[in-house]
Amino acid sequence: MAKKENTVGKNLDVFVIGSGIAGQTVAKACVAAGLKVAIADRREYGGTCANRGCDPKKVLLGATEAWEMTKNLQGKGLKKMPKIKWKKLQKFKRKFTSAVPKKTEENLGKLGIKLYHQSPKFLEENTLSVEGKTVHADKIVIATGYEPRKLPFDGAKLLKESDDFLNLKKLPKSIIFIGAGYIGMEFAHMAARSGSKVTIVDFEDRPLGPFDAELVKELTDYSKRLGIEFIFKADVKSIKKTKKKYKISYKKGSKTESVKAHMMFNTAGRIPSISDLDLESGNVAFDEKGIETDAYLQSKSNPNVYACGDVSDHDVPLTPLSGRQGYVVGENIVKGNKKKLDTPVIPSVVFTLPNLASVGYSEEEARDRYKNVVVKQGSVPDWFNAKRINAPVYAYKILLNERTEEIVGAHIIGPEAAETINLFTMAINNKMTAGDIKRTIFTYPSWANDVKSMV
Ligand SMILES: Cc1cc2nc3c(=O)[nH]c(=O)nc-3n(C[C@H](O)[C@H](O)[C@H](O)COP(=O)(O)OP(=O)(O)OC[C@H]3O[C@@H](n4cnc5c(N)ncnc54)[C@H](O)[C@@H]3O)c2cc1C
Ligand SMILES: NC(=O)c1ccc[n+]([C@@H]2O[C@H](COP(=O)([O-])OP(=O)(O)OC[C@H]3O[C@@H](n4cnc5c(N)ncnc54)[C@H](O)[C@@H]3O)[C@@H](O)[C@H]2O)c1
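Residues numbered from 1 in each chain as written. Chains lettered and ligands numbered in written order. Predicted model: local features only at pLDDT ≥ 70, side-chain atom pairs only at ≥ 80, totals over all residues. Heavy atoms only, no water.

Moving on, we get to a positive patch on the surface. On the surface, Lys-83, Lys-85, Lys-87, Lys-88, Lys-91, Arg-94, Lys-95 and Lys-169 cluster together to form a positively charged patch. On the secondary structure map, Lys-95 appears in helix α4 (residues 86–97). (Patch = residues over 30% accessible without salt bridge, like charges linked within 9 Å, V, L, I, M, F, W, Y side chains within 5 Å. Areas by Shrake-Rupley, 256 points an atom, 1.4 Å probe, with all protein chains shown as cover. Salt bridge = Lys/Arg side-chain N within 4 Å of Asp/Glu carboxyl O. Lys, Arg positive; Asp, Glu negative; His and termini not counted. Charge placed at Lys NZ, Arg CZ, Asp CG, Glu CD. Helix = DSSP H or I, 4+ residues; strand = E, 2+ residues; numbered from the N terminus.)

Backbone torsion omega between Asp-315 and Val-316 reads -5 degrees, so that peptide bond is classified as cis. Relative to the helices and strands, Val-316 is located in the loop between β18 (305–307) and α9 (319–335). Residue Pro-354 is reached from Leu-353 by a cis peptide bond, and omega for that bond is 5 degrees. For Pro-354, the location among the structural elements is in the loop between β19 (348–350) and β20 (355–360). Backbone geometry at Leu-208 places phi at a positive 50 degrees, although glycine is not the residue there. Here Leu-208 shows up in the loop between β9 (197–201) and α8 (213–225). Here the phi dihedral of Lys-233 falls at roughly 50 degrees; this positive angle occurs in a residue that is not glycine.

Roughly 380 Å³ of volume is contained in the second largest pocket. Residue lining of the second largest pocket: 20 residues in total, with Glu-65, Leu-353, Ile-389, Pro-415 and Glu-416 positioned closest to the centre. Going through the elements one at a time, α3 (54–72) and α12 (417–429) are the ones with two or more residues in the lining of the second largest pocket. Broken down by element, the lining of the second largest pocket gets its largest block of residues, five residues, from α3. When its residues are assigned to classes, the lining of the second largest pocket shows 12 nonpolar, two polar and six charged. (1 Å grid on protein atoms, 1.4 Å probe; cavity = no way out; pocket = protein on both sides within 12 Å on 5 of 7 lines; lining within 4 Å. Points joined across faces, edges and corners; volume = space filled by probe spheres on them. Nonpolar A, V, L, I, M, F, W, Y, C, P; charged D, E, K, R; others polar.)

On to the site of ligand 1. Around ligand 1 there are 36 residues in total, and Asp-41, Thr-48, Lys-57, Ser-119 and Asp-310 lie nearest to it. At 3.1 Å, a side-chain N or O of Ser-273 approaches a nitrogen atom of ligand 1. Between ligand 1 and the protein, one listed contact pairs an oxygen atom with a backbone N or O atom of Leu-318 at 3.4 Å. Looking at the shell around ligand 1, the elements that each hand over two or more residues are α1 (21–32), α2 (47–52), α3, α7 (182–193) and α9. (Near = heavy atom within 4 Å. Polar contact = N/O pair within 3.5 Å; in protein donor to acceptor, adjacent residues only side chain to side chain.)

For His-189, the location among the structural elements is in helix α7. Taking relative accessible area as the criterion, His-189 reaches 1% and is therefore assigned buried. (Buried < 20%, exposed > 50% of the residue type's maximum accessible area, 1.4 Å probe, protein only.)

This part covers the nonpolar core. Residues Phe-165, Leu-356, Ile-398, Ile-407 and Phe-424 are the most contacted members of the largest nonpolar core, which totals 67 residues. Every residue in contact with Phe-424, bar those within four places of it in the chain, is listed here: Val-359, Ile-398, Ile-407, Ala-410, Ile-412, Ile-437, Val-451, Met-454 and Val-455. Counting residues in hydrophobic clusters, the runner-up holds 22 residues, among them Ile-39, Ile-113, Leu-115 and Ala-143. (Core = buried A, V, L, I, M, F, W, Y, C linked by side-chain atoms within 4.5 Å. Contact = heavy atoms within 4.5 Å.)

Another aspect to go through is the pattern of salt bridges. A side chain of one charge can pair with a side chain of the opposite charge if their charged atoms are brought near each other. Applying the stated rule across the entire model yields 19 salt bridges. Glu-44 is paired through a salt bridge with Arg-52; the nearest N and O atoms lie 3.2 Å apart. Taking relative accessible area as the criterion, Glu-44 reaches 31% and is therefore assigned partly exposed. Take Arg-52: its relative accessible area is 13%, and that puts it in the buried class. With a closest N to O distance of 2.8 Å, Arg-193 and Glu-68 form a salt bridge. Pair noted here: Arg-193 is in helix α7 and Glu-68 is in helix α3, with a separation of 125 residues, a long-range link. Residue classification places Glu-68 among the buried positions, given a relative accessible area of 8%.

Bringing the sheet that holds strand β11 (residues 235–241) into the picture now. Spatial ordering of the open sheet is given by β11-β12-β13, a layout of three strands whose pairing is antiparallel. The two strands at the open ends of the sheet, each matched to only one other strand, are β11 and β13 (255–261). The average angle at which neighbouring strand axes cross in this sheet is 20 degrees, direction not considered. Of the strand pairs in this sheet, strand β12 (residues 246–252) and β13 are connected by seven bridges, and their pairing is antiparallel. Each bridged residue has a counterpart across the sheet, and for Ser-249 the counterpart in β13 is Ser-258. (Pairing = 2+ DSSP bridges. Axes fitted to C-alpha atoms, helices over the stretch in contact; angles between N-to-C directions.)

Attention now goes to the UniProt feature "binding site: NAD(+)" (unreviewed entry) in the chain. When the UniProt feature table is mapped onto this chain numbering, "binding site: NAD(+)" (unreviewed entry) sits at Gly-179, Ala-180, Gly-181, Tyr-182, Ile-183, Gly-184, Met-185, Glu-186 and Gly-269. Spanning 91 residues, the named residues form one tight spatial group whose C-alpha atoms are at most 13.3 Å apart. Inspection of the secondary structure puts Ala-180 in the loop between β8 (174–178) and α7. Take Ala-180: its relative accessible area is 1%, and that puts it in the buried class. If sequence neighbours within four positions are ignored, Ala-180 has contacts with Met-185, Ile-200, Val-201, Asp-202, Pro-207 and Leu-208. Within the fold, Glu-186 resides in helix α7. Judged by relative accessible area, which is 4%, Glu-186 ranks as buried. Filtering out sequence-adjacent residues up to four positions away, Glu-186 remains in contact with Lys-57, Val-349, Val-350, Phe-351 and Thr-352. At 3.0 Å, the side chain of Glu-186 forms a polar contact with the side chain of Lys-57. (UniProt positions renumbered as here; feature names shortened; annotations may be inferred.)

Below, the structure is given as structure tokens:
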């Protein structure tokens, strides 16, 4: 007789797949409302941001910020360059990450949420198979995030991924990143300042496609001054292992060329993590952007399924939006579909040094949207805040709707742009005009105060 699956949780109210910010937010809201909740994660609990994304990355960044500041002040009161001790830096980083999985499990467990440690699969619309058990849940929430896109060429298996970079015990002498997006650029800056020879290969003609081209040019030029080499318009054909290095061959125009490095990373984008879920069996529709959901984040094909965070088809795949989506799904499960995903403008930052930050419309989008657009723009390393620390790159582009004087887009490259952009986010969300900002009194001297000069 065939072994029968053990059926549990017949009356489970909610099953959440994924324990990142999105999944945890839903699970906690549902259990707080008295619902019977389970959650599953096939990896360590806590998700990408806390374990292998934003947080560990920013800890590693700290040492390079000190390095950059010291470099800029050489001969201006500072004499010796610090040396980044990668091994020690990693040890410091682990202080932030190593406790996350256990703590997350403890917190969820204490709330009465049942925890699973494998990927569930849909058997039917409301039924999952997990850890050899068949589980029925009234609502199923998919919050499985993104995973690296697999590259199609020969030898792509030799590539390492972002998780590997963040856990590197020793920094290799030379590194190639395939992909000049957020991850490739952020890691390239960290590796170059920590002593690696860095090359970035991309099939486009510039890094960071969605960001303002003029500010990206400033970043690219400065990255080159750091020693980072760029190979653009390169169609990677293969990777081979040589004695001590890896060799990447690529086509550029009609020529085939190659370059070698001690380690190579796939930073060519991330895709929805859905391949293990057997979504067809659950009648859950998806496309390349993720689970197809409506404004309530309910699956368009199976009303008992919701999706939130990176894996939903609602842009953009960033932590703050994932948390917001988790909140919306929690509300809709507990109270019935009452809350639509209503996102204000979402700021975004590339944590290179200098930071590149953006919110609202790009120049092209603003010109499409409004009859007349005022562009306030400048390259201003001579402004006091940048000059006092001898920061070489500081530039901005602010977009106003001429008719109303409202700010509709802001793009900044410079030290602390990750912070300054938040002021523009508030300004856009509150339909503030250039005059509103000019009338505000900020602290002085501060980066925030520069916002008045920018508008
Ligand atoms: C290197 C890196 C740096 C980043 N830096 C930033 C930053 O500075 N700022 C920012 O806003 N965003 C950043 N991000 C993006 C950010 O991490 C994500 O937007 C955020 O973590 C998404 O949260 P989530 O809950 O949707 O998914 P996740 O946090 O990815 O959680 C999904 C969980 O689901 C689990 N899972 C996946 N598939 C299955 C399955 N089949 N079965 C069971 N469990 C499964 C995963 O193991 C994971 O724990 C970064 C991402 C990376 C990779
Ligand atoms: N600071 C942050 O907020 C932050 C940091 C890291 C990641 N993230 C999130 O993670 C997502 C993924 O980041 P990412 O850097 O992996 O992707 P990305 O989409 O930002 O960049 C991918 C890059 O790879 C290039 N590329 C794609 N296929 C290629 C190929 N075959 N050969 C050469 N180049 C190729 C693209 O042209 C692009 O420049 C981001 O969209 C973002 O939402 C955010």
